[in-house]
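Take a look at the letters that make up each chain.
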Amino acid sequence: MHLRDKSIAVIGGGIGGLAAALALGRRGARVTVFEQAPTLAEVGAGLQIGPNGVAVLDALGLGDAGVLASRPSAVVLRNGRTGRSFARLPLGTAAEARYGRPYWQFHRADLLGILTAALPATGAVLRLDTRIDSVEPEAERVLIVPENAGPVPFDIVIAADGVRSRVRSVHFGGSRPRFTGHVAWRGLVPADRLDPVFIPRETTVFTGPGRHLVAYPLRGGSIVNLVAIEKRAEWAAEGWTHPDDPAAPARAFVGWCPEAEALVTALPETFLWGLFDHPVLPRWTMGRLALLGDACHPMLPFLAQGATMALEDAWVLAALLDESPEPERALAAYEDRRRPRTSRVQREAARSGRIYHLRWPAAPIAQGGMAMASRLAPGRLLARFDWLYGVDVTRQASSSTQTGTWSEGFSQPRT
Ligand SMILES: Cc1cc2nc3c(=O)[nH]c(=O)nc-3n(C[C@H](O)[C@H](O)[C@H](O)COP(=O)(O)OP(=O)(O)OC[C@H]3O[C@@H](n4cnc5c(N)ncnc54)[C@H](O)[C@@H]3O)c2cc1C
């Protein structure tokens, strides 16, 4: 109601920025998205969207996106050296039955394409090749300054400018990120480069001391997405576009089981991403300026929830802005609503990484416990994720400050 005809600038055309533009545009705001890249032809990589993210896509009218997604039946944890599987987290029909929504995996470019294609119907405009140099908050408006152009006023500005957000560093400070001592190689392996026996049918995590490898099929099994994580002292930069020699991940996984070795050695190209711990920011919003997605709560990738949290942010932000006549109050409420949940996801993601990399004797003990749990009560393993996958932010009572427990407005998992 209160968004009608508000002018809103969104800085950044990633998953978070585009979802915010859609959520705001559908409620009547006049939205312009500014993206510095000349095209959204995204570096190749997969993106897992849990049932909590699918809930947002559905509410944005993008339920059909599922035709481009893979639906893994399970996540299988395997010992990277022996190849033996020790735990199985059922997804597929189990997740769908429990949460009422599927678990999807996309090629990132496909999901960006789906979001972009939906923009025109909402009136939102995407301006590519337009870098925003600075943002100047004023009393009742915010000026943005595109590169090589003069300032442009907007009623509200949302900075979804990613993990290295300039708006965050200039206006919100926060302490410096700390290199975690882990790097991630990302890449796509065309299935025709692999012996068919090595193509994973389910999401597979090969674990081992100081390393792990995640593999899952995309686009009907024609490609396999790989994320290979290595613990190392040597620093690497944070970002999508740092190419590395594909022989580097192959060297890191020498001596692992034949499936893991076959996957990493088949990578035609790879990008290296340094993983950083970002302390929780003291503030995300200031008057009519707000951060969204990785800009305010970057997280380690071990729960595969960064983009999904950005989708949730987008929905909550639009719903609260629409509800209140005062944008400043609505943005403060957005921060209050989202902070506890995203902080928990940040913490849990870091914890998952530590578990994958356990050494002897902790590794066999942990693996034995998970094997037992997965054999005796597979549903219980999934239930551990109810706090994450079972939340549907599109059903939250918008004036409530509820953030993560089962209560009115949250989808109750069916046990
Ligand atoms: C190895 C790895 C695996 C991952 N796997 C998953 C997964 O399976 N599932 C999941 O949910 N998440 C995953 N993530 C996290 C996910 O990729 C991020 O959380 C997500 O991309 C954040 O989206 P965003 O829109 O906030 O930021 P981004 O996707 O980084 O988008 C920011 C955009 O802003 C633009 N921009 C920046 N500055 C400016 C400026 N000054 N002017 C204009 N434009 C600007 C950038 O060009 C970019 O397009 C993974 C991350 C990593 C590193």
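You'll find the structure just up there.
Definitions and limits used
Residues numbered from 1 in each chain as written. Predicted model: local features only at pLDDT ≥ 70, side-chain atom pairs only at ≥ 80, totals over all residues. Helix = DSSP H or I, 4+ residues; strand = E, 2+ residues; numbered from the N terminus. Buried ≥ 20, exposed ≤ 12 C-beta atoms within 10 Å, placed from the backbone. Contact = placed C-beta atoms within 7 Å. Pairing = 2+ DSSP bridges. Core = buried A, V, L, I, M, F, W, Y, C linked by C-beta atoms within 7 Å. Near = placed C-beta within 6 Å. Nonpolar A, V, L, I, M, F, W, Y, C, P; charged D, E, K, R; others polar. Axes fitted to C-alpha atoms, helices over the stretch in contact; angles between N-to-C directions. Parallel < 35°, antiparallel > 145°, perpendicular 65-115°, else oblique. Left-handed = near helix turned anticlockwise from the far one by under 90°.

1. Describing the overall build of the protein
The number of helices and strands found in the protein is 12 helices and 19 strands. By residue count, 47% of the 415 residues in the protein fall in the buried class. For the protein, the proportion of contacts with a sequence separation of at least 24, taken over those separated by at least 6, is 73%.

2. Comments concerning the pairing of strand 17 (residues 270-277)
Working note: regular strand, side chains alternate between the two faces of the sheet. In terms of strand pairing, strand 12 (residues 178-190) meets strand 17 through 7 bridges, oriented antiparallel. Of the residues in strand 17, the one forming a bridge with Phe179 is Phe276. Here strand 16 (residues 243-244) runs beside strand 17; their pairing, made up of 2 bridges, is antiparallel. Residue Pro243 lies in a different strand from strand 17, and its bridge partner there is Phe271.

3. Regarding the nonpolar core
Core analysis: the largest hydrophobic core is formed by 119 residues, its most contacted members being Ala19, Ala20, Val157, Ile158, Leu292, Ala314 and Leu317. Broken down by element, this core gets its largest block of residues, 12 residues, from helix 8 (residues 306-323).

4. Comments concerning helix 2 (residues 51-59)
The buried fraction of helix 2 is high, at 7 of 9 residues. Turning to helix 2, its buried residues number three or more, namely Pro51, Asn52, Gly53, Val54, Ala55, Val56 and Leu57.

5. Observations concerning the site of the ligand
With respect to spatial proximity, 34 residues lie near the ligand, and among them Gly12, Gly14, Gly162, Gly293 and Gly306 are the closest. When contributions to the shell around the ligand are tallied by element, the ones reaching two or more residues are helix 1 (15-25), strand 3 (46-49), strand 12 and helix 8. Here the element with the most residues in the shell around the ligand is helix 8; it accounts for 4 residues. Partitioning the shell around the ligand into residue classes produces 16 nonpolar, 12 polar and 6 charged.

6. Notes on the sheet that holds strand 12
Strand order across the open sheet formed by 8 strands is 5-4-13-14-15-12-17-16, with mixed pairing between neighbours. Two strands close off the open sheet at either side, each with one partner strand: strand 5 (85-90) and strand 16. Where strand 4 (residues 74-79) and strand 5 come together, 5 bridges link them in antiparallel fashion. Considered in strand 5, the bridge of Leu77 is made with Ala87.

7. Some thoughts on the environment of Arg329
Position of Arg329 among the secondary structure elements: in helix 9 (residues 327-356). Given 13 C-beta atoms within 10 Å, Arg329 falls into the partly exposed group. Along the sequence, Arg329 and Arg288 sit 41 residues apart, while their C-alpha atoms lie 9.0 Å from each other.

8. Quick look at the environment of Leu292
By secondary structure assignment, the location of Leu292 is in the loop between strand 19 (289-291) and helix 8. For the pair Leu292 and Gly12, spaced 280 residues apart in the sequence, the C-alpha separation amounts to 9.9 Å. The contact partners of Leu292, leaving out residues within four places of it in the chain, are Gly16, Ala20, Ile158, Ala159, Ala160, Ala310, Asp313, Ala314 and Leu317.

9. Thoughts on helix 1
Most of helix 1 sits inside the fold, with 11 of its 11 residues counted as buried. Of all the residues in helix 1, the buried ones are Ile15, Gly16, Gly17, Leu18, Ala19, Ala20, Ala21, Leu22, Ala23, Leu24 and Gly25. Each element contacted by the buried residues of helix 1 is listed here: strand 1 (7-11), strand 2 (30-34), helix 2, helix 4 (108-122), strand 11 (156-159) and helix 8.

10. Considering the sheet that holds strand 2
Read from one edge of the open sheet, 6 strands run 7-2-1-11-19-18, paired in mixed fashion. Every other strand in the sheet has two partners, leaving strand 7 (125-127) and strand 18 (285-286) as the edge strands with one partner each. Where strand 1 lies against strand 11, 4 bridges are found, and the strand directions are parallel. Directly across from Ile8, in strand 11, lies its bridge partner Ile156.

11. What to know about unusual backbone geometry
Backbone geometry at Asn148 places phi at a positive 60°, although glycine is not the residue there. Relative to the assigned elements, Asn148 resides in the loop between strand 9 (142-146) and strand 10 (152-154). Residue classification places Asn148 among the exposed positions, given that 8 C-beta atoms sit within 10 Å. Notably, Ala304 is not glycine yet its phi reads approximately 55°, a positive angle.

12. Digging into the packing of helix 2 against helix 8
Running from amino to carboxyl end, helix 2 crosses helix 8 at an angle of 45°, the nearest separation of the two axes being 9 Å. As summarised for this structure, helix 2 and helix 8 are arranged oblique, according to the angle between their axes. Considering only the axes of helix 2 and helix 8, their crossing is left-handed. Every residue of helix 8 that contacts helix 2 at Asn52, Gly53, Val56, Leu57 and Ala59 is listed here: Thr308, Leu311, Glu312, Ala314 and Trp315. Among the residues making up the contact of helix 2 with helix 8, the classes are represented as 6 nonpolar, 3 polar and 1 charged.

13. Looking at the packing of helix 1 against helix 4
Interhelical geometry of helix 1 versus helix 4 gives an angle of 25° and a closest axis separation of 9 Å. With respect to helix 4, the element helix 1 is oriented roughly parallel. In this structure, helix 1 crosses over helix 4, and the sense of that crossing is left-handed. Together, Ile15, Leu18, Ala19, Ala21, Leu22 and Gly25 of helix 1 and Leu111, Leu112, Leu115, Thr116, Ala118, Leu119 and Thr122 of helix 4 make up the contact between the two elements.

Geometric descriptors of this kind do not, in isolation, establish any biological role.
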